[in-house]
Amino acid sequence: MLVAGNWIMILDLASARQLTSGVVSAVGTPKGTGVALCPPFVDLDATYSLLHGTGIRLGAQNMHEQDSGAFTGEISAPMLRAVGCHYVILGHSERRQLFGETNESVNKKALQALSHRLVPIVCVGESLEQRDADRHNMVVEEQVRAGLANLEVSSSSEIVVAYEPVWAIGTGRTATPDQVQDMHGHIRSLLQDIFNEAIGSGIDILYGGSVKPGNAAELFQRPNVDGGLIGGAALNAEDFAAIVRCAEEAA
Ligand code: 13P
């Protein structure tokens, strides 16, 4: 189980410090579930200072596919490692929709993350139009197969997949537990096929999209739902800690 907070582009340095301290005291030492915070780049260093030694890990929200070079405005995997990142979110639907990321660019970044021992949290998910046209399974299969192509993984803890239906992100409209369970089962079979039975069975598949303290328990109890990628509710320390407790109870 893993509960990761995606702080999107919300918090400046002072607010990030404040929220991190709040999360550290509200969550305490994580018991049997991984916990991670993914602040904006400029807050990573300060967040790491507050997280170091707590058992809560640090993640970034994106990265570039090259080590270094003339890529103004970009951040590399070695830079993320140097400020204490363990995870990096890749291919979030906002990156795909607003910044032109494709399955191919997500794949390049995932390869790069693994080669620097960062754990990629690879996001997949269909739009409302695709769900209404009953194309969600096909779209997600394409994203998973292309995004994870040619990855060499020797343990299931080296990679995380997050299913985030675009229509459920920040809308207050959560996918139903049945819809989540069906898609996670689909992703599980794909992972077993892409890697092997043992690795594919152990990879954490997170659900993201309007997860709140009030619906987390029901979602996390479903088979193949191994935690959550939390947006809005991760910006409140008490809410985030309540979601972590739901994961601990489901573990
Ligand atoms: P919300 O929890 O605000 O719907 O955001 C989900 C998300 O996109 C996390 O990456």
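This report concerns the structure included in the present document. (Residues numbered from 1 in each chain as written. Predicted model: local features only at pLDDT ≥ 70, side-chain atom pairs only at ≥ 80, totals over all residues. Heavy atoms only, no water.)

### Remarks on the packing of helix 7 (residues 136-147) against helix 8 (residues 177-194)
Spelled out, the test is: Axis geometry follows a simple rule: fit a line to the C-alpha atoms, using only the stretch in contact for helices, then measure angles between N-to-C directions, giving values from 0 to 180 degrees. By definition, any uninterrupted DSSP run of H or I lasting at least four residues is a helix, any uninterrupted run of E lasting at least two residues is a strand, and each is numbered from the N terminus. Note: crossing handedness is left-handed where the near helix turns anticlockwise from the far helix by less than a right angle, and right-handed where it turns clockwise. Throughout, a contact is declared for two residues whenever any of their heavy atoms are within 4.5 Å. Gly falls in the polar group here, along with every residue not listed as nonpolar (Ala, Val, Leu, Ile, Met, Phe, Trp, Tyr, Cys, Pro) or charged (Asp, Glu, Lys, Arg).
Taken N-terminus to C-terminus, the directions of helix 7 and helix 8 make an angle of 35 degrees; their axes are 10 Å apart at the nearest point. Note on packing geometry: the crossing formed by helix 7 with helix 8 is right-handed. On helix 8, the residues that touch His136, Asn137, Val140, Glu141, Val144 and Arg145 of helix 7 are Met183, His186, Ile187, Leu190, Leu191, Asp193 and Ile194. Tallied by class, residues from the contact of helix 7 with helix 8 come to seven nonpolar, three polar and three charged.

### Focus: the packing of helix 10 (residues 213-220) against helix 11 (residues 237-250)
Applicable threshold: Angle categories: roughly parallel below 35 degrees, roughly antiparallel above 145, roughly perpendicular from 65 to 115, and oblique for all the rest.
In contact at an axis separation of 9 Å, helix 10 and helix 11 are set at 20 degrees when each is read in the N-to-C sense. When the axes of helix 10 and helix 11 are compared, the pair comes out roughly parallel. The handedness of the crossing between helix 10 and helix 11 is right-handed. Residues Pro213, Ala216, Ala217 and Phe220 of helix 10 touch helix 11, and the partners they reach there are Asp239, Ala242, Ile243, Cys246, Ala247 and Ala250. When the residues that make up the contact of helix 10 with helix 11 are grouped by side-chain class, the tally is nine nonpolar, no polar and one charged.

### Focus on the site of the ligand
The cut-off we apply is this: Any residue with a non-hydrogen atom lying within 4 Å of a molecule or strand is treated as near it. By the criterion applied in these results, polar contacts are pairs of N or O atoms within 3.5 Å in which, for protein atoms, one can donate a hydrogen and the other can accept it, and in which residues neighboring in sequence qualify only through two side-chain atoms. Reported accessibility uses the Shrake-Rupley method at a 1.4 Å probe radius. Residues are deemed covered only where the shown protein chains occlude them.
The immediate surroundings of the ligand are formed by Asn6, His92, Glu164, Ala168, Ile169, Gly170, Gly209, Ser210, Leu229, Ile230, Gly231 and Gly232. In this structure, an oxygen atom belonging to the ligand sits 3.0 Å away from a side-chain N or O atom of Asn6. One of the backbone nitrogen or oxygen atoms of Gly232 is found 2.8 Å away from an oxygen atom of the ligand. Out of a free accessible area of 310 Å², the ligand has 95% covered by protein chains.

### Focus: the side chain of His64
Checked against the element boundaries, His64 lands in the loop between strand 3 (57-60) and helix 3 (77-82). Within the local environment of His64, its side chain forms a polar contact with the backbone nitrogen of Gln66, the two atoms lying 3.0 Å apart.

### A few points about unusual backbone geometry
Applicable threshold: Relative accessibility decides the category of a residue: with a 1.4 Å probe and only protein chains considered, values under 20% of the type maximum give buried, values over 50% give exposed, and everything between is partly exposed.
Residue Asp134 is not a glycine yet carries a positive backbone phi of 60 degrees. Of note, Asp134 is situated in the loop between helix 6 (128-132) and helix 7. For Asp134, a relative accessible area of 62% translates into the label exposed. One non-glycine residue, Asn224, adopts positive backbone phi at about 70 degrees. Residue classification places Asn224 among the partly exposed positions, given a relative accessible area of 26%.

### What to know about the environment of Ile8
Note that Ile8 resides in the loop between strand 1 (2-6) and helix 1 (13-27). Classification of Ile8 as partly exposed rests on a relative accessible area of 29%. Sequence separation between Ile8 and Gly200 is 192 residues; the distance between their C-alpha atoms is 29 Å. Not counting residues within four places of it along the chain, the set of residues in contact with Ile8 comprises Pro40, Gln61 and Glu94.

### Some points on the pairing of strand 3
Applicable threshold: Note on pairing: two strands pair once DSSP finds at least 2 bridges between them. Look down the strands so they point away from you; if the path from the first strand over the helix to the second goes clockwise, the crossover is right-handed.
Note that strand 2 (residues 34-38) and strand 3 share two bridges and pair parallel. Considered in strand 3, the bridge of Leu37 is made with Leu58. What joins strand 2 to strand 3 is helix 2 (residues 44-51), and the crossover it makes is right-handed. Pairing of strand 3 with strand 4 (residues 85-90), which is carried by three bridges, proceeds in the parallel orientation. Across the sheet, Leu58 pairs through a bridge with Cys85, a residue of strand 4. Handedness of the strand 3-helix 3-strand 4 crossover: right-handed.

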